[in-house]
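Spelled out, the chains give:
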Amino acid sequence: MRDKIVPFLRAIFPFLMVIFLWRLSSSFWNPGGMLALIPIFYCTFIRPTPWFMPFGLLFCFLIDYNLDTLCYWTAVYCLCYAVNGFQIFVDLQDLDYNAVDVFMVFFGLGILVSEIIHLNWTIFGRILWTFAWTVTLYLPITNLIRVVRHDR
């Protein structure tokens, strides 16, 4: 029985992590559940997980719902998924530090473009805080996923 339960829990851990981070939404620490983009990005692009793309798409839509954006993060996710499907020059699975630099580009451009319309000093400070906090939590969250799943 244990031989079936432990692999099942390892397989569903990234899905549970997305649900947990999305539900942990708060206006200052996790606006709209945006921290859920970390496992969504990691398990879709860096360590592809079976059946994670439709799940990530659903949760990007739910993040958009929480943030009152009209399918913005869903469109960014789909665009990055399409670009990743066409790229052959960079192997994201072999990058150092769980490809934190690629995540910084994905998240930084996404958050900057979403707030550029009504940019002022307050919004700019919020962008910097959200970016710094999310990138700081990227490595601990992705390392936790790697440890639980026994990835390399």
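Residues numbered from 1 in each chain as written. Predicted model: local features only at pLDDT ≥ 70, side-chain atom pairs only at ≥ 80, totals over all residues. Heavy atoms only, no water.

Here's the deal with helix α4 (residues 72-86)
Residue pairs three or four apart in sequence face the same way in an α-helix, which turns once every 3.6 residues.
Okay, so step 1: Here α4 spans 21 Å end to end across 15 residues, near enough to the 21 Å set by a 1.5 Å rise per residue.
Okay, so step 2: For α4, the set of buried residues is Y72, W73, T74, V76 and Y77.
Okay, so step 3: Those residues of α4 that are buried lie in contact with α2 (37-46), α3 (52-67) and α5 (100-115). (Helix = DSSP H or I, 4+ residues; strand = E, 2+ residues; numbered from the N terminus. Expected span 1.5 Å × (residues − 1). Buried < 20%, exposed > 50% of the residue type's maximum accessible area, 1.4 Å probe, protein only. Contact = heavy atoms within 4.5 Å.)

Observations regarding the packing of aromatic side chains
Okay, so step 1: Following the criterion strictly, the structure yields 23 aromatic pairs and no others.
Okay, so step 2: Between the aromatic rings of W73 and F107, the centroid separation amounts to 5.7 Å while the plane-to-plane angle is 15°, which identifies the pairing as stacked. Pair noted here: W73 is in helix α4 and F107 is in helix α5, with a separation of 34 residues, a long-range link.
Okay, so step 3: For W73, a relative accessible area of 2% corresponds to the buried category.
Okay, so step 4: Cluster of aromatic residues (ring-pair linked, three or more members): F41, F45, Y72, W73, Y77, Y81, F103, F106, F107, F131 and Y138. (Phe/Tyr/Trp six-rings, centres within 6.5 Å; stacked < 30°, edge-to-face > 60°.)

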